[in-house]
Amino acid sequence: MGHLGAFLFLLGALGALADICEIPEVDSHLVEKLGQHLLPSMDALSLEYLNPSIYVGLRLSSLQAETKENLYLHRLKLYHQQCLLESASSDDNSDCQTKPSRGHLALYLLALRANCEFVGGHKGARLVSQLKWFLEEEKRAIGHDHKGHPQTSYYQYSLSILALCVHQKRLHDSVVGKLLYAVEHDQHLQQGHLAVDTMAMAGLALTCLENSNLNPDQRQRITRAIRTARKKVLKAQTPEGHFGNVYSTPLALQLLMTSPMSRVELGTACLKARAALLASLQDGAFQNVLMISQLLPVLNNKTYVDLISPDCLAPRVTMRPATKPLSQTQVPEIISITLKVPSILPLYKQSISVFAGSSLEDVLKTAQELGEFTYRTRATLSGPYVISVMGKEAGDREFWQLLQAPDTPLLQGIADYRPKDGETIELRLIRW
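Residues numbered from 1 in each chain as written. Predicted model: local features only at pLDDT ≥ 70, side-chain atom pairs only at ≥ 80, totals over all residues. Heavy atoms only, no water.

With an unreviewed UniProt entry as reference, the protein is termed Transcobalamin-2, source organism Galeopterus variegatus. The protein has a UniProt comment under Subunit (unreviewed entry) that states "Interacts with CD320 (via LDL-receptor class A domains)." (UniProt positions renumbered as here; feature names shortened; annotations may be inferred.)

This is how it looks when you write it as structure tokens:
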């Protein structure tokens, strides 16, 4: 075989390996039903509840929402111009009482690239500067000896690098170096409770840097770190086939799809993950809009790295609004949920009665209405996040963990999880 023939054979072999982690064609009705979950969120009246991840997920999927999609991008642009670029002294009637987080800004930049736009002009330069300044602040928090931690998380750090990368904005080697060190030294990414998500996002950010060659002096180190991230994601596979859990599997597959690996490294990992993910999809496990927006690209064999050069002319199927089944008059069933908080004294334990099908958020609201129990949440892109229980705030490196007693962590948030009759739900303050 000549040199050209050998080269073409190698390319073909690598392409075949890359296909291992791709998802086979999924039933179109099942995919559309998944996408329809996003449509109500696109009608949010408050600008503060706009979620750029929804737009990114749709643009990288096989689905489209036509005029609703265009209007959503327009509202995203309006929100970020008003809430990030105008002075903080806006009047009380402003639509943006709360400025978006840096993660929100990073996703917004991804949304622009999903529409084949590069951030530009004076306003665009200010957005880029804000994200770069955020990374510099996080770099200082981590420290020159790497003994500190980001004020937010390495997930947000990675997402911000990815967002700037797809816009071809170069970052200083020292900023990239902090992420490289975190991937190389596992404990820096594993201290959080979203370790697989974080490792996958770090790998996606570094893959973008490798493909764009924005930091050529660190290229070899970046390549090694990507390989390390992939191996750690593979190592986190559960016996059922998920990487970490069902909800971290889409991001993990995005990472594994970005470039080929050897069959020895992959083994049957991606085949098992594909089967587990499709089974979860059939069972209706995906209800949260953020999780759905990360899954839709995978079902279309796309990843966030494709935003380096997105195909905005690729055909997509227009979604139809979901049809509601005819309601039947039924007497609602009452169920009993035990709510327990062992992290405060005296220990709180109370039986709460709610309608069957109620969310955990409904349970918490009912408990608060009954008295004695109190809680507070913060709005996030994945839904309400518990930050305080019985007046006890989660401090630095702490979070309120939701568990099905005695020790099974819930994989869904309070708005998505629906307890069954007789369950005991525990809220436990965890330090990491």
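There's plenty left to go through after this.
> A description of the overall build of the protein should follow, citing residues and the corresponding values.
Across its full length, the protein holds 16 helices and 10 strands. Put simply, 69% of the contacts in the protein that link residues at least 6 apart link residues at least 24 apart. Accessible area of the protein: about 21100 Å², with a carbon and sulfur share of 53%. (Helix = DSSP H or I, 4+ residues; strand = E, 2+ residues; numbered from the N terminus. Contact = heavy atoms within 4.5 Å. Areas by Shrake-Rupley, 256 points an atom, 1.4 Å probe, with all protein chains shown as cover.)

> For helix α7 (residues 154-166), give the residues involved together with the corresponding values.
Note that an α-helix has 3.6 residues per turn; residues three or four places apart therefore point the same way. Under the 1.5 Å per step criterion, the end-to-end length of α7 is 18 Å for 13 residues, consistent within 8% with the ideal 18 Å. Within α7, 12 of the 13 residues are buried, which leaves the element mostly enclosed by the surrounding structure. Regarding α7, the residues found buried are Y154, Y155, Y157, S158, L159, S160, I161, L162, A163, L164, C165 and V166. (Expected span 1.5 Å × (residues − 1). Buried < 20%, exposed > 50% of the residue type's maximum accessible area, 1.4 Å probe, protein only.)

> Describe in detail the sheet that holds strand β9 (residues 408-409), supporting the description with residues and values.
Strand order in the open sheet formed by five strands is β4-β3-β10-β8-β9, and the pairing between neighbours is mixed. Single-partner strands in this sheet number two, and they are β4 (348-355) and β9. The pairing of strand β3 (residues 334-341) with β4 spans eight bridges and is antiparallel. Along β4, the bridge assignment pairs S336 with S353. Against the sheet, helix α16 (residues 360-370) makes contact with β3, β4, β8 (398-404) and β10 (424-431), and its axis sits at roughly 115 degrees relative to β4, the strand it touches most. (Pairing = 2+ DSSP bridges. Axes fitted to C-alpha atoms, helices over the stretch in contact; angles between N-to-C directions.)

> Outline the sheet that holds strand β5 (residues 375-380), listing residues and values.
Strand order across the open sheet formed by three strands is β5-β6-β7, with antiparallel pairing between neighbours. Edge positions in the sheet fall to β5 and β7 (392-393), since each of these pairs with one other strand and no more. In terms of strand pairing, β5 meets strand β6 (residues 383-389) through six bridges, oriented antiparallel. Each residue of the ladder has a partner; that of T377, found in β6, is V386. Against the sheet, α16 touches β5 and β6, its axis set at about 145 degrees to β5.

> Account for the state of the cysteines, with residues named and values stated.
In a disulfide, the sulfur atoms of two cysteines are held together by a covalent bond. Going through the model one piece at a time under the given rule, you end up with two disulfides. Between the sulfur atoms of C116 and its disulfide partner C312 the distance amounts to 2.0 Å. Disulfide C116-C312: torsion about the S-S bond near 110 degrees, hence right-handed. Taken as a pair, C116 in the loop between α5 (102-114) and α6 (121-142) and C312 in the loop between α15 (289-299) and β2 (317-318) lie far apart in primary sequence, 196 residues in all. (Disulfide = S-S within 2.5 Å.)

> Explain the packing of aromatic side chains residue by residue, including any values.
Tallied over the full model, the rule gives four aromatic pairs. Measuring from ring centre to ring centre gives 5.4 Å for Y247 and F286, while their planes differ by 75 degrees; the resulting arrangement is edge-to-face. One end of the pair, Y247, is in the loop between α11 (219-235) and α12 (249-257); the other, F286, is in the loop between α14 (269-282) and α15, and 39 residues separate them in sequence. Clustering of aromatic rings is evident, with ring pairs tying together Y348, F373 and Y375. When the ring centre of F118 is taken as origin, the NZ or CZ atom of R113, which lies over that ring, is 3.9 Å away. Over the ring of W133 we find R140, and its NZ or CZ is 4.9 Å from the ring centre. (Phe/Tyr/Trp six-rings, centres within 6.5 Å; stacked < 30°, edge-to-face > 60°. Lys NZ or Arg CZ within 6 Å of the ring centre and 35° of its normal.)

> Pulling in residues and values, what's your account of the nonpolar core?
In this structure, L58, L110, L206, F243, L253 and F286 are the most contacted members of the largest nonpolar core, which totals 101 residues. Discounting chain neighbours no more than four positions away, the residues touching L206 are V176, L179, L180, V183, I222, A225 and I226. If you look at the next biggest cluster of nonpolar residues, it comprises 24 residues, including V354, L364, I425 and L429. (Core = buried A, V, L, I, M, F, W, Y, C linked by side-chain atoms within 4.5 Å.)

> Describe the packing of α11 against α12, listing the residues and the values that go with them.
Where α11 meets α12, the axes come as close as 10 Å, and the angle between the chain directions of the two elements is 140 degrees. One finds that α11 runs oblique with respect to α12. For the pair α11 and α12, the sense of crossing is left-handed. Residues A229, R230, V233 and L234 of α11 lie in contact with α12, whose contacting residues are A252, L255 and L256. Of the residues that constitute the contact of α11 with α12, the class distribution is six nonpolar, no polar and one charged. (Parallel < 35°, antiparallel > 145°, perpendicular 65-115°, else oblique. Left-handed = near helix turned anticlockwise from the far one by under 90°. Nonpolar A, V, L, I, M, F, W, Y, C, P; charged D, E, K, R; others polar.)

> Tell me about the environment of K132, residues and numbers included.
Turning to its location among the elements, K132 is positioned in helix α6. Sequence separation between K132 and H172 is 40 residues; the distance between their C-alpha atoms is 9.5 Å. Not counting residues up to four positions away in its chain, the partners in contact with K132 are L164, K169, R170 and L171.

> Before we move on, could you go through the pattern of salt bridges and cite the residues and values that matter?
Throughout the structure, instances matching the rule amount to 11 salt bridges. Where E69 meets R316, a salt bridge forms, and the shortest distance between an N and an O atom there is 2.7 Å. Placement of E69 in helix α4 (residues 66-85) and of R316 in the loop between α15 and β2 is noted, with a sequence separation of 247 residues between them. The residues E69 and R316 share a single accessibility class, namely buried. Between R376 and E393 there is a salt bridge, with its nearest N and O atoms 2.4 Å apart. Taken together, the residues span a long stretch of sequence, with R376 in strand β5 and E393 in strand β7 at a distance of 17 residues. Looking at R376, the relative accessible area reads 41%, which means it is partly exposed. For E393, a relative accessible area of 38% gives the class partly exposed. Taken together, the salt bridges that share partners define one network made up of R59, E69 and R316. (Salt bridge = Lys/Arg side-chain N within 4 Å of Asp/Glu carboxyl O.)

> Run through the pairing of β8, naming residues and quoting values.
Of all seven residues in β8, five are buried, a share of seventy percent or more. As paired elements, β8 and β9 share two bridges and run antiparallel to each other. Residue pairing across strands places L403 opposite P409, the latter belonging to β9. Remark: three residues form the turn of the hairpin made by β8 and β9, two consecutive strands paired antiparallel.

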